[in-house]
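For reference, the chains in residue letters:
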Amino acid sequence: MRVRVRWHFYDEDGNLLTDGDYEYLLRRDEGRLHAYVAVAIDEREKLTQLAAAKGIDLPASQSRCRSATESTVIA
C-alpha cells in the first residue's frame, strides 16, 4: 500500500517553517502495517526555500536531492 503524507514543521514558537510531501510504502507483516520505504517528493525545494528565507547559503553538495532509487529504508 502506498500512502502520501504531508508533514508540517514548526519552530519552537509554533510558527510554520515549511511543509513536505512524502510517499511511504507500507506492507502488512504479522498482522501489522510496517513502513518499508519513504520517498521525499519536494524535500529539496522546500528546504532550499527555507534556508534562503533564513539567510543560509547551502553548499551545492548539501542541496542535492536523492532520487527515488536512493530512497531511505525504514525498518
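This text follows the structure it describes.
Thresholds applied
- Every residue gets a number counted from 1 within its own chain, in the order that chain's sequence is written.
- The predicted origin of the model limits local features to residues at a pLDDT of at least 70 and limits the giving and counting of side-chain atom pairs to 80 or more, whereas totals for whole chains, interfaces and linings rest on all residues.
- Computation of side-chain values covers all heavy atoms of the structure but excludes hydrogens and water.
- Only DSSP runs of H or I reaching four residues or more are called helices, and only runs of E reaching two or more are called strands; each is numbered from the N terminus.
- Only protein chains enter the calculation, and the probe is 1.4 Å; a residue is then buried if its accessible area is under 20% of its type maximum, exposed if over 50%, and partly exposed in between.
- N or O atoms closer than or at 3.5 Å make up a polar contact, with two conditions inside protein: a donor-capable atom paired with an acceptor-capable one, and, for residues adjacent in sequence, both atoms drawn from side chains.
- Contacts are assigned to residue pairs with any non-hydrogen atoms lying within 4.5 Å of each other.
- A strand pair is defined by DSSP finding two or more bridges across the two strands.
- For Phe, Tyr and Trp, rings pair up if their centres lie within 6.5 Å, where Trp contributes its six-membered ring, and each pair is then called stacked (planes under 30 degrees apart), edge-to-face (over 60) or tilted (otherwise).
- Here, over-ring charges are defined by two tests on the NZ atom of lysine or the CZ atom of arginine: distance to the ring centre within 6 Å, and angle to the ring normal within 35 degrees.
- For this document, the term salt bridge refers to a Lys or Arg side-chain nitrogen within 4 Å of an Asp or Glu carboxyl oxygen.

(A) Structural detail: unusual backbone geometry. Although it is not a glycine, Glu30 adopts a positive phi angle of roughly 50°. Inspection of the secondary structure assignment puts Glu30 in the loop between strand S2 (16-29) and strand S3 (32-40).

(B) Examining the side chain of Asp19 more closely. Within the secondary structure, Asp19 is located in strand S2. Its relative accessible area of 17% is what places Asp19 among the buried residues. Reaching out from Asp19, the side chain makes a polar contact with the side chain of Lys46 at a distance of 2.3 Å. Aside from chain neighbours lying at most four places away, what touches Asp19 is Arg6, Trp7, His8, Phe9 and Lys46.

(C) Just the pairing of S3, in detail. Sheet analysis places S2 next to S3, joined by eight bridges and oriented antiparallel. Residue pairing for S3: Leu26 is matched across the bridge by Ala35. Once S2 ends, the chain turns through two residues before running back antiparallel as S3, passing Glu30 with a positive phi of about 50°.

(D) Structural context of the side chain of Glu23. The residue Glu23 is located in strand S2 in this model. Ignoring any residue separated from it by four or fewer positions in sequence, one finds Glu23 in contact with Arg2, Val3, Arg4, Val37, Ala38, Val39 and Ile41.

(E) Main features of the packing of aromatic side chains. Per the counting criterion, the structure on display carries zero aromatic pairs. Against the face of Tyr36 rests Arg27, its NZ or CZ located 5.1 Å from the ring centre.

(F) Quick peek at the pattern of salt bridges. This model, assessed by the stated rule, comprises seven salt bridges. The partner of Arg4 in a salt bridge is Glu23, with the nearest N and O atoms 3.8 Å apart. Here Arg4 is found in strand S1 (residues 2-10), whereas its partner Glu23 is found in strand S2, with 19 residues between them in sequence. A single salt-bridge network, built from bridges that share partners, covers Arg2, Arg4, Arg6, Asp19, Asp21, Glu23, Asp42 and Lys46.

(G) Highlighting the environment of Ala38. Along the chain, the position of Ala38 falls in strand S3. Looking at Ala38, the relative accessible area reads 13%, which means it is buried. With 15 residues separating them in the primary sequence, Ala38 and Glu23 have C-alpha atoms 5.7 Å apart.

The values reported here are purely geometric and, on their own, carry no functional implication.
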